[in-house]
Each structure stands twice: as structure tokens, then as C-alpha cells.
Amino acid sequence: MIDKEKFLLKSYELGIIKFGEFTLKSGIQSPFYIDLRPLASSPSLLKELSELLLEEIQEPNYQLICGVPYAALPMATAMSLESEIPLIIKRKENKGYGTKKMLEGIFTVGQTCLLVEDVITSGKSLFETIEEVEREGLKVKDIVVVLDREQGGIELLNEKGYKVHKLFSIQNVIDILYKNNLLKEKEVLKIKDFLNGNSLAISKKPRLKYEEKKELQEHPVAKKLLSIAIEKKSNLIASLDVTHTSEILDLAKKIGDYVVAIKLHTDILTDFSVDYINELKSIAQEKNFLLFEDRKFGDIGNTQQLQFELGIYKISDWADLITSHVIAGENSLNVFSENIGVVTIAEMSSKGTLTDVTYKQKAIQISEKNSKVIGCVAQSSLPDSLLLFTPGVNLDSKGDSKGQQFNTPEKVFREYYTDFIIVGRGIYKSANPVEEAQKYREEGWRFYEATL
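All values reported here derive from a predicted model rather than from experimental measurement. (Residues numbered from 1 in each chain as written. Predicted model: local features only at pLDDT ≥ 70, side-chain atom pairs only at ≥ 80, totals over all residues. Heavy atoms only, no water.)

> Explanation requested: the pattern of salt bridges in the structure shown.
Side chains carrying opposite charge are able to pair once their charged atoms draw close together. Scanning the entire structure with this criterion turns up 23 salt bridges. A salt bridge links Asp294 to Lys296; the shortest N-O distance between them is 2.8 Å. Judged by relative accessible area, Lys296 falls into the partly exposed class, the value being 27%. Residue Glu436 is joined to Lys439 by a salt bridge in which the shortest nitrogen-to-oxygen separation is 3.3 Å. In this pair, Glu436 and Lys439 are both assigned in helix α16 (residues 433-450), three residues apart and thus about one turn of the helix distant. Relative accessible area serves as the criterion here: at 15%, Glu436 is assigned to the buried category. One connected set of salt bridges, linked through shared partners, spans Glu131, Glu132, Arg135 and Glu347. (Salt bridge = Lys/Arg side-chain N within 4 Å of Asp/Glu carboxyl O. Buried < 20%, exposed > 50% of the residue type's maximum accessible area, 1.4 Å probe, protein only. Helix = DSSP H or I, 4+ residues; strand = E, 2+ residues; numbered from the N terminus.)

Structure below.
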């Protein structure tokens, strides 16, 4: 068995810990700085480290190993070689060509993945990696870190249900260095004073109430949607992906009291008519909900305008909200009417979607600048100025055989701070749509309030 103290002392000689005055990424002045990357240049120490990290997890329960980019990548690789457990690689950013995948390697949905991190402070980089890994259908239960700066990251991860195994804490390190005459007592006291006064754990600020969100909005449709949510105590949007108008009208009458909007895919209807639209508008007015056409416009501006205003559907005549991709650029959104709220597609819920982190960031930038955009469809948090619409919500979190991945209401409210949940099959394919709509309305509101 490798002696941890001897390992630390040999690693210290490589300069992995420096003492002085350092400005951290957070802007805080720190009396020490940790950089474990030099370990990658010492094959013998890297091998020892991999063995020590593997020993930390006494009951291994994982089929894959993944290092948090970049410093932990050589550590995870060494652990994979030592244990013969397959390695997957998480990119820090999309490379913009080739497969454009954020997660590289061979894996199967449902497998459990051990995450490896070099240093943990707030846990921010770990949460970003967990989100990417779990989005691909993998499970994360255990995380192993080389050094804990003892500034709140591990506690926050534990609260979220992840088990974190650490090789060293910064307290361990300074005690060992002091014991071996590598640190003076004055330096030890300075570091401990710093640690006692600087907890950097990311505790999420409370989400904005709908009343506060409403104050931030200038678009009349956004204000109306939020007013309905407040009045009905509902954040539920029902997606009625059925093919006959009679089915939509029947469901709209039955569940209209529990939803803020009904989302439609009008182009899948087999019997569309103007009479149907007039009747649906009448039900929407009576039951106080909006009509949300999920057209997902994605062409050049001129074509989008024709699709929006003309054809047999004449969406511009009746929709309150529409969805649009931003793939054609910001100007393609200018063709939509001022009185209709545009919801852009920043992320999709299907497995293997190409709407990665880079795409999402660009979609948000475009959305924030355009006055016609009220929010985004996404699977992660947004700036407060944009309303977050999260599809793929189901009380049963299992997906389907066509790539759809579901999230529970609890997850999207607690982790994403979503504003509106979009539920489809969980309602319209149930034996009792009214009962299910009531249930989703209650669950959505309960978790919204729980995050205030």
C-alpha cells in the first residue's frame, strides 16, 4: 500500500502547491495556490496517484471513469489503465467540427460513471461535468478528488446526493508540510484564518417569483402568460400531439382549467379547418390559457414569414406563442408579429441533440437582444430576463425508443429553475387526462414554491 504522506511530500517537490498571495478565478485573494498538472509529467507519481484514488473508493460501483477537464484527464487515464475500467472523455467545449460531441468514448445509456477531479473548491466545474454526463443517459454516484480546498464544494455535492471521496484536504496538506518543516507556524495560521473566512460554495440564489419575472418583461404575451400562471397557480403547458381536431378540442375543454397554455403541432392534424381554430380560440378564452404553436421555424427569414402568415394554417392569425430555431441568425426572427411571443430553441430534450453548450450560448445571446423573444426552450438554466420552457417533463423519468429523454418536475425546478413545464404523453396518453393534468399542475406549483 502506498504511503499517502510520502506521496504528498514527493508531489510537493514538483511545485504543486505554492504559498504567497494569489488571485483566484473568483477574484478572492488566497494565501496558497494549487496546481496538480505537474503530476502528469511524473509517470511514477501519476501511477501512485491513480492507485491511491482507486483505493479511496472501497466499494467500486461504476462501469466508466471520466476526468473533469483538463487537469484530471491524465489522472482518470492512469486510473483506467490501472483498473482496466473504460475511460470516457468529457470535452470542455465543442470542437466545432467532426462529430461535435461533448462526451467521447464508448458507453451505454444507464451505465454508472466515476468522476475524477483534481481540486475542488465550489464544485462548479464538477456540476457542469455531471450535467453533461447525465444528459447522455449515464449515472453519476461517486466522485473522487485529489484535494479539497474545504470551501464548501463537497458539502454542496453531498446535499445533491453525490458521494465525494477525497484523498487530501487542505488541512491535511498544511499539517503534513508543517510537520516536515516545510511550512512555518505563521504561514499555517494565515492559511487557516483564510479557510475559516472563505467558503465559496455555490448556493443558488432563490429563484425569482413570477411577480418579479413579470416586472422584468416588456412583451405583452410574456406578461399575460405570467399573469395566468399567478392567477391559476399553474406553470403547466400541455403538449397535445394528437392528429384529429376533435381530440384537441375535447382535451382542451377537459384540462383547460389546469394549464397556462396548450402547445400544438398543427401540421400533424389530418382535418385542420378554420372552424376548428375558431372553436379552440373560444375555449382558450373561456378557460384562460394561451395557444402555443410549436412550429419550430428554422428557415431563412423570407420563407419563415410565408410559413407564418400564409398557407392553410395562417399561424399569425391565431397563435399567442410560437417556437423558432435561431439557426438562420437574429434577423430571421424579425418576421414575426409584435403581438406574438417568440420562444427560441436553445436546447432540445432528445438524446444526441446537436444543441450543445456552444449552440445554447449563442442562442441565448440572440434571444436576449431580440425584443420579440420572451424565452427559450432549454434543459438548463437561463438568464432571469428570459422565460425558461422545459419540455420532456414526465413523472416517470424514463425515456422512449425514439431518443426522447424525460425529466421529472422536481428536477427541472430544483436544478434548472424552469418557469414552465411542458408535458405531453404524460397527460394526453394517460387513462385519465384530467386527473393527470391536475397532478402535474400541483407538482409543478409545489416545486416552483419550494425553490423560492
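> How should the sheet that holds strand β13 (residues 341-345) be read in this particular structure?
In a beta sheet, neighbouring strands pair by backbone hydrogen bonds and run either parallel or antiparallel. Around the barrel, which closes on itself, the eight strands sit in the order β9-β10-β11-β12-β13-β14-β15-β16 with parallel pairing between neighbours. For this sheet, the mean angle separating the axes of adjacent strands, direction not counted, is 25°. Bridge analysis of strand β15 (residues 387-390) against strand β16 (residues 420-423) gives two bridges, and the strand direction is parallel. Pairing of Thr390 across the sheet is with Ile421, part of β16. (Pairing = 2+ DSSP bridges. Axes fitted to C-alpha atoms, helices over the stretch in contact; angles between N-to-C directions.)

> Just checking my understanding: could you explain the environment of Gly152 for this structure?
Relative to the helices and strands, Gly152 is located in the loop between β7 (139-148) and α5 (153-159). In this structure Gly152 comes out as buried when scored by relative accessible area, which is 11%. With 41 residues separating them in the primary sequence, Gly152 and Gln111 have C-alpha atoms 28 Å apart.

Limitation: the analysis is restricted to geometry and does not speak to function.
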